[in-house]
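# Fold and contact review
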Amino acid sequence: MKINMFLFLLGIAGACLGAESLKVALYVDIGCRGGGVVQWARLLETSPDVDLEIVNCSDVKAGKLAGKDMLVMPGGGGFERYAQWKEEGCDRFRDYIRRGGAYFGTCCGLAVALNEEKRIRLVPFKRDGNGLRGGFNSSVKLLPRAVELLGIPAGTRSISYHNGPVPIPADPVPGCTAEVIGTYDCNLMERGKEKFSMHGRPAMIWATLDKGKMFLLGNHPEYSACNEDIIVGGIRALTGRTVSFPRPKKESRPLRVAYYCSEMDTGADTRAVVKDALKLMLRPDVDVTTVSGDSLAVGILDHVDALVIPGRRTKKLSVAARRMLDQFKGQIVEDGSSLTVL
């Protein structure tokens, strides 16, 4: 009897411990590309407070968002996602949030939430109509509401930006209340010329949709450890839970690996690419930097021992990037199944 009671109590304790983990779905499929996707996976996978599941379009349509405390929608391209989702997929996302789900979107994660055609139509904003803006470190002014919600110091933050949407007001979304809690405090330079000013435009949006909550950013706080407090604060505001992101310990001289992420979503299963990157990131003898064609072209290979190009996407590289690749003296891996050679 005592043994049975002990096992019963142990089962309750185990259930309680399991319940303490924040159940997070990270969406990864066609349209999810760039280093931010991998950085999100690293943060969530290494957090002792998170139970992560990487889901794709089929999972969402099969109802796998049910029971998740939070959905993370990372950067990349939005129209490719809608081509997979159709209205059926968008309905799944809307239903998840309206029933009380939490949605954390960065860059394209904001774009797909806009109230436009071929979007999920979650918040009363639309794109401003300008084209591609390029990549740079954007300056973001935190409004008092952001300081209150996120529990972070007031001021201005430098946050990585790459072609993210700059929203303007659009038609209302039934059941949605939205507020801008952070604005851009910078100009955009495109090809050496100032195209338009981003000053005062929305960079962070906090919104509710029926019972659900949303935290949306047009940029990438996941790229920098300096902005992890924005992510921690956002998750706490969305879910009421506090998570931590410990930095994995590395050997004194790990193998320095560049992981190419620009076209990572063009293969059969984008999740496999992200999981391969995670395998490397979790190794103490490997230090991974996520890179794009642009960073290859400007010399990132000068500082690494090996380059991983998943799915043999070398032909996708620009002329400048291929030139740098031809001069690279380190090891090149072009197939995820060959990562064990590193």
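Before reading further, recall that the structure is shown in the block above.
Residues numbered from 1 in each chain as written. Predicted model: local features only at pLDDT ≥ 70, side-chain atom pairs only at ≥ 80, totals over all residues. Heavy atoms only, no water.

This part takes up the overall build of the protein chain. Counting its secondary structure elements, the protein chain contains 10 helices and 17 strands. Counting across all 342 residues of the protein chain, residues that qualify as buried make up 50%. Contacts spanning at least 24 positions in sequence make up 75% of the contacts within the protein chain whose residues lie at least 6 apart. Surface accessibility of the protein chain: about 15,700 Å² in total, with carbon and sulfur atoms responsible for 53%. (Helix = DSSP H or I, 4+ residues; strand = E, 2+ residues; numbered from the N terminus. Buried < 20%, exposed > 50% of the residue type's maximum accessible area, 1.4 Å probe, protein only. Contact = heavy atoms within 4.5 Å. Areas by Shrake-Rupley, 256 points an atom, 1.4 Å probe, with all protein chains shown as cover.)

A separate point is the sheet that holds strand S2 (residues 50-55). Pairing is mixed across the open sheet formed by 9 strands, whose spatial order is S2-S1-S3-S4-S13-S12-S9-S6-S7. Pairing within the sheet leaves two strands with one partner each, and these edge strands are S2 and strand S7 (155-162). On average, adjacent strands in this sheet sit at an angle of 25° to one another, irrespective of strand direction. With 5 bridges joining them, strand S4 (residues 102-106) and strand S13 (residues 212-217) adopt parallel strand pairing. Bridge pairing links Gly 105 to Leu 216 in S13. Packed on one face of the sheet, helix H4 (residues 78-98) meets strand S1 (22-27), strand S3 (70-73), S4, strand S12 (202-209) and S13 and runs near 150° to S3. (Pairing = 2+ DSSP bridges. Axes fitted to C-alpha atoms, helices over the stretch in contact; angles between N-to-C directions.)

Quick look at the packing of aromatic side chains now. If you walk through the whole model with that rule in mind, you get 7 aromatic pairs. Their ring planes at 75° and their centres at 5.1 Å tell us that Trp 40 and Phe 104 sit as a pair that is edge-to-face. Remark: Phe 104 occurs in strand S4 and Trp 40 occurs in helix H2 (residues 35-46); sequence separation between them is 64 residues. The two residues Trp 40 and Phe 104 agree in class, both being buried. An aromatic cluster is built from Tyr 27, Trp 85 and Phe 93, whose rings are joined through pairwise contacts. (Phe/Tyr/Trp six-rings, centres within 6.5 Å; stacked < 30°, edge-to-face > 60°.)

Working note: regular strand, side chains alternate between the two faces of the sheet. In terms of strand pairing, S1 meets S2 through 6 bridges, oriented parallel. Residue pairing in the sheet places Tyr 27 in a bridge with Val 55 of S2. As for the winding sense of the linkage, the β-α-β connection from S1 through H2 to S2 is right-handed. (Right-handed = clockwise from strand over helix to strand, strands pointing away.)

Moving on, we come to the sheet that holds strand S16 (residues 306-308). Strand-to-strand pairing in sheets goes through backbone hydrogen bonds, with the strands running parallel or antiparallel. With respect to topology, 4 strands assemble into an open sheet ordered S15-S14-S16-S17, the strand pairing being parallel. Looking at which strands have only one partner, the edges of the open sheet turn out to be strand S15 (286-291) and strand S17 (331-333). Direction aside, the axes of adjacent strands within the sheet are offset by 20° on average. Inspection of the sheet shows strand S14 (residues 255-260) paired to S15 by 6 bridges, in the parallel sense. If you follow Leu 255 over to S15, its bridge partner there is Val 286.

Attention now goes to helix H8 (residues 270-281). Because the α-helix completes a turn every 3.6 residues, residues three or four places apart line up on one side. For H8, spanning 12 residues, the distance from its first C-alpha to its last is 17 Å, which sits close to the expected 16 Å at 1.5 Å a residue. Counting buried positions along H8 yields 9 of 12 residues, so the element is predominantly enclosed. Three or more residues of H8 are buried, namely Thr 270, Arg 271, Val 273, Val 274, Asp 276, Ala 277, Leu 278, Leu 280 and Met 281. If you follow the buried residues of H8, they end up packed against H2, S2, helix H3 (57-61), S14, S15 and S16. At the N-terminal end of H8, a side-chain oxygen is found 3.0 Å from the backbone nitrogen of Arg 271, two or three residues along, and the residue is Asp 269. (Expected span 1.5 Å × (residues − 1). Polar contact = N/O pair within 3.5 Å; in protein donor to acceptor, adjacent residues only side chain to side chain.)

Turning our attention to the side chain of Thr 46. Topologically, Thr 46 is positioned in helix H2. Among the polar contacts listed, one links the side chain of Thr 46 to the backbone oxygen of Arg 42, at a separation of 2.7 Å. If near-sequence neighbours (up to four positions away) are discounted, Thr 46 is found in contact with Pro 246 and Leu 282.

Mapped onto the secondary structure, Tyr 260 falls in strand S14. Taking the C-alpha atoms as reference points, Tyr 260 and Ala 277, separated by 17 residues in sequence, lie 9.6 Å from one another. At a separation of 2.5 Å, a polar atom in the side chain of Tyr 260 contacts the side chain of Glu 263.

This part takes up the pattern of salt bridges. Scanning the model with the defined rule gives 22 salt bridges in all. Between Asp 59 and Arg 271 there is a salt bridge whose closest N-O contact spans 3.0 Å. A residue pair is termed long-range when its members are at least 10 positions apart, and Asp 59 in helix H3 and Arg 271 in helix H8 qualify at 212 residues. In this structure Asp 59 comes out as buried when scored by relative accessible area, which is 10%. Across the salt bridge formed by Glu 87 and Arg 94, the nearest N and O atoms sit 3.3 Å from each other. Classification of Glu 87 as partly exposed rests on a relative accessible area of 29%. (Salt bridge = Lys/Arg side-chain N within 4 Å of Asp/Glu carboxyl O.)

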